[in-house]
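Residues per chain, in single letters:
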Amino acid sequence: MKIAIMAAMPEELMPILAQLGEYTQVEYAKNRYYFAKFGGHELVLAYSKIGKVFSTITATTMIEKFGAQMLLFSGVAGAISPKLSIGDLIIATQLAQHDLDITAFGHPFGYVPEGSVMIPSDAKLNAIARDVAIQKGLKLHEGIIATGDQFVANAQRKNWIADTFQADALEMEGGSVAVVCNALSIPFCILRAISDSADGSADVDFDTFLASSAQESAQFVLAMVDAIA
Ligand code: ADE
């Protein structure tokens, strides 16, 4: 199986590469793609840069150019659900784009014609994530993740996203990666570790906890690769 492991930022990808030891790399479309073997699988890895556009390019490239047959995303997210604390892991059951807005034409937030507000992630990969969490004795949260081209650092916007999408966490890439994988029929899992609470202290918390939360997610995603048959 050729598996894509994707992140948005170098801080999210480097802990994964460090575990792999040996890898090769190729420059393509102003980004760097890494290739390695792990757990009996071929891996293609990259960080996309932040946001929906860059993550769309990277996910598409991993699948269409480099032949990835499934995609695992590893990174950090802001918590919406009060059940989530910094360092906690969450997988997305469904993803939405919270900044997609043609409500002027009577459509709901997050919807454009011929699309859907929510995109479900892959049930089998999510089941593998659950098994890995049990093996590791870790709590794995599950819920809706809302994606947008905004670093959310205020309670008002966070609460609006919570109310509009029933979202449990938010970030800036999962929803666009979901669109790509859904369109190309590639199973995907979006895994995130909480770095902040998307409130007035989110910027400071993000800087403080990015490395440790990214490391949590990195360890978990590699255990998932190991558990994929
Ligand atoms: N990723 C991690 N924290 C985030 C936040 N507060 N807003 C958007 N993306 C994030």
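Here the structure is a predicted model, which is why all the values come from computation and not from measurement. (Residues numbered from 1 in each chain as written. Predicted model: local features only at pLDDT ≥ 70, side-chain atom pairs only at ≥ 80, totals over all residues. Heavy atoms only, no water.)

A word on the site of the ligand. If you check the shell around the ligand, you find 13 residues, and the closest are G78, F151, V152, L170 and D196. G78 has a polar backbone atom sitting 3.2 Å from a nitrogen atom of the ligand. Between V152 and the ligand, the recorded distance is 2.8 Å, taken from a backbone N or O atom to a nitrogen atom. Burial of the ligand by the surrounding chains reaches 96%, relative to a free accessible area of 260 Å². Secondary structure elements with two or more residues in the shell around the ligand: β5 (70-79), β9 (169-171) and β10 (188-196). A total of 3 residues in the shell around the ligand trace back to one element, the largest contributor, which is β5. When its residues are assigned to classes, the shell around the ligand shows 8 nonpolar, 3 polar and 2 charged. (Near = heavy atom within 4 Å. Polar contact = N/O pair within 3.5 Å; in protein donor to acceptor, adjacent residues only side chain to side chain. Areas by Shrake-Rupley, 256 points an atom, 1.4 Å probe, with all protein chains shown as cover. Helix = DSSP H or I, 4+ residues; strand = E, 2+ residues; numbered from the N terminus. Nonpolar A, V, L, I, M, F, W, Y, C, P; charged D, E, K, R; others polar.)

Of note, H41 is situated in strand β4 (residues 41-47). C-alpha separation for the pair H41 and D88, spaced 47 residues apart in sequence, amounts to 27 Å. Excluding anything up to four places from it in sequence, H41 contacts M1, I3, A36, V225, I228 and A229. Polar contacts involving the side chain of H41 include one to the main-chain carbonyl oxygen of I228, which spans 2.7 Å. (Contact = heavy atoms within 4.5 Å.)

Moving on, we come to the packing of helix α1 (residues 10-20) against helix α6 (residues 202-227). What describes two packed helices is the angle between their axes and the distance between those same axes. Viewed as axis vectors pointing N to C, α1 and α6 meet at an angle of 45 degrees, and their least axial separation amounts to 8 Å. The orientation of α1 with respect to α6, classified from their angle, is oblique. Like other packed secondary-structure pairs, α1 and α6 cross with a definite hand, here right-handed. Taken together, the residues of α6 that come into contact with α1 (itself represented by E11, E12, P15, I16, Q19 and L20) are L210, A214, Q215, A218, Q219, V221 and L222. (Axes fitted to C-alpha atoms, helices over the stretch in contact; angles between N-to-C directions. Parallel < 35°, antiparallel > 145°, perpendicular 65-115°, else oblique. Left-handed = near helix turned anticlockwise from the far one by under 90°.)

Further remarks concern α1. For α1, the complete set of buried residues consists of E12, L13, P15, I16, L17 and L20. Contact partners of the buried residues in α1: β1 (2-7), β3 (31-38), β4, β5, β10 and α6. (Buried < 20%, exposed > 50% of the residue type's maximum accessible area, 1.4 Å probe, protein only.)

Turning our eyes to something else, we now look at the pairing of strand β6 (residues 89-97). Of all 9 residues that make up β6, 7 are buried, and the element is covered over most of its length. Relative to strand β8 (residues 140-147), β6 runs parallel, the two sharing 8 bridges. If you follow Q94 over to β8, its bridge partner there is I144. Summarising the sheet, β6 and β10 pair through 3 bridges and their orientation is antiparallel. Among the inter-strand pairings, L89 is bridged to a residue of β10, identified as A193. Direction of pairing for β6 relative to strand β7 (residues 119-120): antiparallel, over a ladder of 2 bridges. Bridge pairing in β7 links Q94 to P120. (Pairing = 2+ DSSP bridges.)

Before going further, it helps to spend a moment on the state of the cysteines. Counted under the stated rule, the structure contains 0 disulfides. Free cysteine: C181, not disulfide-bonded; nearest cysteine sulfur from C189 at 11 Å. (Disulfide = S-S within 2.5 Å.)

Glancing now at a nonpolar patch on the surface. A cluster of nonpolar side chains, namely V53, F54 and I57, defines an oily patch on the protein surface of about 270 Å² accessible area. In this structure, F54 sits in helix α2 (residues 52-65). (Patch = residues over 30% accessible without salt bridge, like charges linked within 9 Å, V, L, I, M, F, W, Y side chains within 5 Å. Salt bridge = Lys/Arg side-chain N within 4 Å of Asp/Glu carboxyl O.)

We now examine the side chain of S74. Here S74 shows up in strand β5. Accessibility expressed as a relative area gives 0% for S74, which makes it buried. Among the polar contacts made by the side chain of S74, one reaches the side chain of S217 at a distance of 2.8 Å. What S74 contacts, discounting residues up to four positions off in sequence, is M6, A7, E12, I16, L191, S217, A218 and V221.

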